[in-house]
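Residue-level structural notes
Spelled out, the chains give:
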Amino acid sequence: MNAKMIEELLQNAKEREKAELLEKCKSMLLETDDDGERNRLALILSDHKADGTAEIIIQLLKSEKTAGNRGTLLYALGELDYTEHIDFIFDFILNGKSFEVNMEALRLIKKYLRGTDEETIKKQIPFFVEKITDEMDELNEKMQFLTYAIYGMTHFLEADE
């Protein structure tokens, strides 16, 4: 059985069959090493808002086996309750390995902020801004060093002439 078969079966399934298929889908999501299949399974579970799916996706996002293929997993979280994992998701804004991952994490953070109370927003935004500012400071220091390294290397070449 694969994601495509489950999706087709879910279209005509009764509630009991649907629940069994979604449980099978969760098991397959955890077990597969195929990135495309994992993404399809995550999206099926997200579309059906299957209980426990957010925790499974978070578990997969923490796994090395999903490195380089996390954008769709983050996207799938968008229809689920991921609020207790907001700090973990925020880290993908700073440490995601692709633009897609960074943007999906930002989309989830913005959705979270739109759906939360004003008091939480007043606490979270300064926290998020401080972390982003700290990251920018570190990147600025690295840029300065790399500029210095380029200068040093080009100056070294000029000294040999």
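Structural notes, computed from the coordinates. Keep in mind that what you see is a predicted model, and the values were worked out from it rather than measured.

What about helix α4 (residues 53–62)?
- Across the 10 residues that make up α4, a large majority, 7, are buried.
- Within the sequence span of α4, burial applies to Thr53, Ala54, Ile56, Ile57, Ile58, Leu60 and Leu61.
- Those residues of α4 that are buried are in contact with α2 (15–31), α3 (35–47), α5 (71–77) and α6 (86–95).

Re the pattern of salt bridges
- What the rule picks out here adds up to 10 salt bridges.
- A salt bridge links Arg40 to Glu37; the nearest nitrogen and oxygen atoms lie 3.2 Å apart. Within this pair, Arg40 and its partner Glu37 are both found in helix α3, separated by 3 residues, close to a single helical turn.
- Since its relative accessible area comes to 44%, Arg40 is described here as partly exposed.
- For Glu37, a relative accessible area of 13% gives the class buried.
- With a closest N to O distance of 3.5 Å, Glu79 and Lys49 form a salt bridge. Taken together, the positions of Glu79 in the loop between α5 and α6 and Lys49 in the loop between α3 and α4 put the pair 30 residues apart, joining distant regions of the chain.
- Note on Glu79: relative accessible area 44%, which makes it partly exposed.

What to know about a negative patch on the surface
- A cluster of acidic side chains, namely Glu130, Asp134, Asp137, Glu138 and Glu141, defines a negative patch on the protein surface.
- Relative to the helices and strands, Glu130 is located in helix α8 (residues 118–160).
- Among the residues examined, Glu130 registers a relative accessible area of 49% and is labelled partly exposed.

So, the packing of α2 against α4
- Where α2 contacts α4, the axes come no closer than 10 Å and their chain directions differ by 10 degrees. Taken together, the axes of α2 and α4 lie roughly parallel to each other. Within the contact between the two elements, α2 uses Lys26, Leu29 and Leu30 and α4 uses Thr53, Ile56, Ile57, Gln59 and Leu60.
- The residue inventory of the contact of α2 with α4, partitioned by class, reads 5 nonpolar, 2 polar and 1 charged.

Re the packing of aromatic side chains
- Scanning the entire structure with this criterion turns up 3 aromatic pairs.
- With 5.3 Å between their ring centres and 85 degrees between their planes, Phe88 and Phe92 make a pair best called edge-to-face. With a gap of 4 residues between them, Phe88 and Phe92 both fall in helix α6, about one helical turn apart.
- The class of Phe88 is partly exposed, set by a relative accessible area of 23%.
- Put simply, the rings of Phe90, Phe127 and Phe128 pair up and form one aromatic cluster.
- The side chain of Lys62 reaches across the aromatic face of Phe88, ending 5.2 Å from its centre.

Thoughts on the packing of helix α1 (residues 3–12) against α3
- Direction vectors running N to C along α1 and α3 enclose 20 degrees, while the axes themselves pass 9 Å from each other. Viewed along their axes, α1 and α3 adopt a mutual orientation that is roughly parallel. Handedness of the crossing formed by α1 with α3: left-handed. Residues Ala3, Ile6, Glu7 and Leu10 of α1 lie in contact with α3, whose contacting residues are Glu37, Arg40, Leu41 and Ile44.
- Of the residues in the contact of α1 with α3, the class split is 5 nonpolar, no polar and 3 charged.

Re the nonpolar core
- Counting residues in hydrophobic clusters, the biggest one holds 39 residues, and the most contacted among them are Leu29, Ile57, Leu61, Leu74, Leu77, Ile89 and Ile109.
- Secondary structure elements with two or more residues in this core: α1, α2, α3, α4, α5, α6 and α7 (99–114).

How each quantity is defined
- Each chain carries its own residue numbering, running from 1 in the written order of its sequence.
- Residues qualify for local features only when their pLDDT is at least 70, as the model is predicted, and side-chain atom pairs are given and counted only at 80 or more; totals for whole chains, interfaces and linings, by contrast, use all residues.
- In computing side-chain values, all of the structure's heavy atoms are included and hydrogens and water are not.
- For each residue, the accessible area found with a 1.4 Å probe, counting protein chains only, is set against the maximum for its type, and the residue is called buried under 20%, exposed over 50%, and partly exposed in between.
- Every helix listed is a DSSP run of H or I at least four residues long, and every strand listed is a run of E at least two residues long, numbered separately from the N terminus.
- Any two residues whose heavy atoms approach within 4.5 Å at even a single point are treated as in contact.
- A carboxyl oxygen of Asp or Glu within 4 Å of a side-chain nitrogen of Lys or Arg is what we treat as a salt bridge.
- Patches here are clusters of residues that have more than 30% relative accessible area and form no salt bridge, with a 9 Å joining cutoff for like charges and a 5 Å cutoff for nonpolar side chains (Val, Leu, Ile, Met, Phe, Trp, Tyr).
- In this description, accessible areas are obtained by the Shrake-Rupley approach with a 1.4 Å probe, and a residue is regarded as covered only by the protein chains that are shown.
- Note that His is not counted, nor are the chain ends; the positive residues are Lys and Arg, and the negative ones are Asp and Glu.
- For charged residues, the charge sits on one atom: NZ in Lys, CZ in Arg, CG in Asp, CD in Glu.
- Where helices are involved, their axes are fitted lines through C-alpha atoms of the stretch in contact, as for all axes, and angles between N-to-C directions lie from 0 to 180°.
- Our angle categories are set so that under 35 degrees counts as roughly parallel, over 145 as roughly antiparallel, 65 to 115 as roughly perpendicular, and the remainder as oblique.
- Lys, Arg, Asp and Glu make up the charged group, whereas Ala, Val, Leu, Ile, Met, Phe, Trp, Tyr, Cys and Pro make up the nonpolar group; the residues left over, Gly among them, are polar.
- Ring geometry is summarised as follows: Phe, Tyr and Trp rings, the Trp one being its six-membered ring, pair when their centres sit within 6.5 Å, and such pairs are stacked at plane angles under 30 degrees, edge-to-face over 60 and tilted between the two.
- Here, over-ring charges are defined by two tests on the NZ atom of lysine or the CZ atom of arginine: distance to the ring centre within 6 Å, and angle to the ring normal within 35 degrees.
- The hand of a helix crossing depends on one turn: near helix anticlockwise from the far one by less than a right angle means left-handed, and clockwise means right-handed.
- Throughout this description, the term nonpolar core refers to a set of buried Ala, Val, Leu, Ile, Met, Phe, Trp, Tyr and Cys residues connected via side-chain atoms within 4.5 Å.

So far we have only geometry, and geometry alone does not tell us how the molecule works.
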